[in-house]
Amino acid sequence: MRHFITTDDLTNNEIINIFSDAEKFLKGEERGNELSKKSVMTLFFENSTRTRSSFEMALKRLGSRVINLDISKSSASKGETLLDTALNLKSIGADALIVRHSDAGVTYKLAQHLNSKSSVINAGDGSFAHPTQAMLDLFTIMKYFPDPQGKKIAIVGDIKNSRVANSNIKLLPRFGINITLVAPPHFLPKTDLKISHSLKKVIDEVDIIMSLRTQTERHNQQVYASLKDYARDFCITEELIGQKDIILMHPGPVNRNIDISDGLMNDPRSKVLEQVENGVAVRMAILKYLLAGKK
Ligand code: NCD
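Note that the structure is a prediction, hence the values are computed from the model and not measured.

Conventions and cut-offs
- Residues numbered from 1 in each chain as written.
- Predicted model: local features only at pLDDT ≥ 70, side-chain atom pairs only at ≥ 80, totals over all residues.
- Heavy atoms only, no water.
- Domains from an automatic or database assignment.
- Contact = heavy atoms within 4.5 Å.
- Buried area = accessible area lost by both parts, 1.4 Å probe.
- Salt bridge = Lys/Arg side-chain N within 4 Å of Asp/Glu carboxyl O.
- Polar contact = N/O pair within 3.5 Å; in protein donor to acceptor, adjacent residues only side chain to side chain.
- Helix = DSSP H or I, 4+ residues; strand = E, 2+ residues; numbered from the N terminus.
- Nonpolar A, V, L, I, M, F, W, Y, C, P; charged D, E, K, R; others polar.
- Near = heavy atom within 4 Å.
- Areas by Shrake-Rupley, 256 points an atom, 1.4 Å probe, with all protein chains shown as cover.

## What about the domain arrangement of the protein?
- Under the domain assignment used here, the protein contains domain 1 (7–130 + 276–292) and domain 2 (132–271).
- One C-alpha centre belongs to domain 1, the other to domain 2; they are set 26 Å apart.
- Taken residue by residue, the interface counts 31 residues in domain 1 and 25 residues in domain 2.
- Considering only the surface of domain 1 that becomes buried against domain 2, T7, F19 and H130 emerge as the three largest contributors, covering 27% of it.
- Our count for the contact surface shared by domain 1 and domain 2 stands at three salt bridges.
- On the surface where domain 1 and domain 2 come into contact, there are 13 residue pairs in polar contact (both at pLDDT 80 or more).
- Among the secondary structure elements, those contributing two or more residues to the side of domain 1 that touches domain 2 are α1 (12–27), α2 (50–61), β3 (96–101), β4 (119–125) and α11 (272–291).
- The element best represented in the side of domain 1 that touches domain 2 is α1, accounting for eight residues.
- Classifying every residue of the side of domain 1 that touches domain 2 gives 12 nonpolar, 12 polar and seven charged.

## Looking at the side chain of S211
- Within the secondary structure layout, S211 lies in strand β8 (residues 208–211).
- Separated by 3.5 Å, the side chain of S211 and the backbone oxygen of D259 make a polar contact.
- Residues contacting S211, with those up to four places away along its chain left out, are V156, I236, M249, H250, P251, D259 and I260.

## Description of the site of the ligand
- In the vicinity of the ligand, the contacting residues are T51, R100, H130, Q133, R163, V164, R213, Q215, P251, G252 and P253.
- T51 places a side-chain nitrogen or oxygen 2.8 Å from an oxygen atom of the ligand.
- G252 has a polar backbone atom sitting 2.8 Å from a nitrogen atom of the ligand.
- For the ligand, the accessible surface in isolation is 320 Å², of which the surrounding protein chains cover 93%.
- Grouping the amino acids of the shell around the ligand by side-chain chemistry returns three nonpolar, five polar and three charged.
- Split by domain, the shell around the ligand shows at least three residues from each of two domains, domain 1 (7–130 + 276–292) and domain 2 (132–271).

Pasting the structure below:
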């Protein structure tokens, strides 16, 4: 059974093939029905707007039955372990479990235990990984830079606590993209990548900016005086990027005027909603690849 826990689970060739399928889904050239005999359950132990509805839309477009487990009404609130919940859902007949959880590594452990029948797909675990988001980010980048080799991206913000950043840091260099991490010192992980504490210093060098939300829910203590102070140095604004020919990305949810200014959200260089649109097509292609044809 094929699981999808980190982007390392797919080779570059597999990713390219998935992207060419996603492109067909995006253009509406292919309306899949490949998962018509499948039943997939989503288990979101953390809040989600985009990822959950994007997976649901992707599954429905592929003809799958979808059950969204309402965690607040599930037996998790009665003390059942996540593993026991998952084993029960497998017995009910889930071909795949799409899981989001606040603990890093949870989806990996589940995948080991559910090895035989149900695929586990990581929809974001703690600050560890969010592989489908990194895939849709790379897909979006390649729409503007079909050969991304040598392109430069600044990943800006709370990188240390961001699973989106972590997955992109692993995936993008495999396609030749050079990363600079831009953040205050307390938001930087230990890394061999190029780092900067100043957006202004890197802005002239980059082709792509990926802004991130400050993950306050993962901070044990307040690490800066206020989000306003943070925004003064790290918000992406019209003033900062001027007329530069760049693309601006963000995985959402965007904190306006902290991550990205209001004005830039409406700028054609902002690809935030395009990322969301691409996300459905990329997830369709991933789900088809992992699940179609499997008993
Ligand atoms: C992110 C997440 O939940 O990891 N959002 C998303 O899935 N598109 C980023 C975030 O919460 O800041």
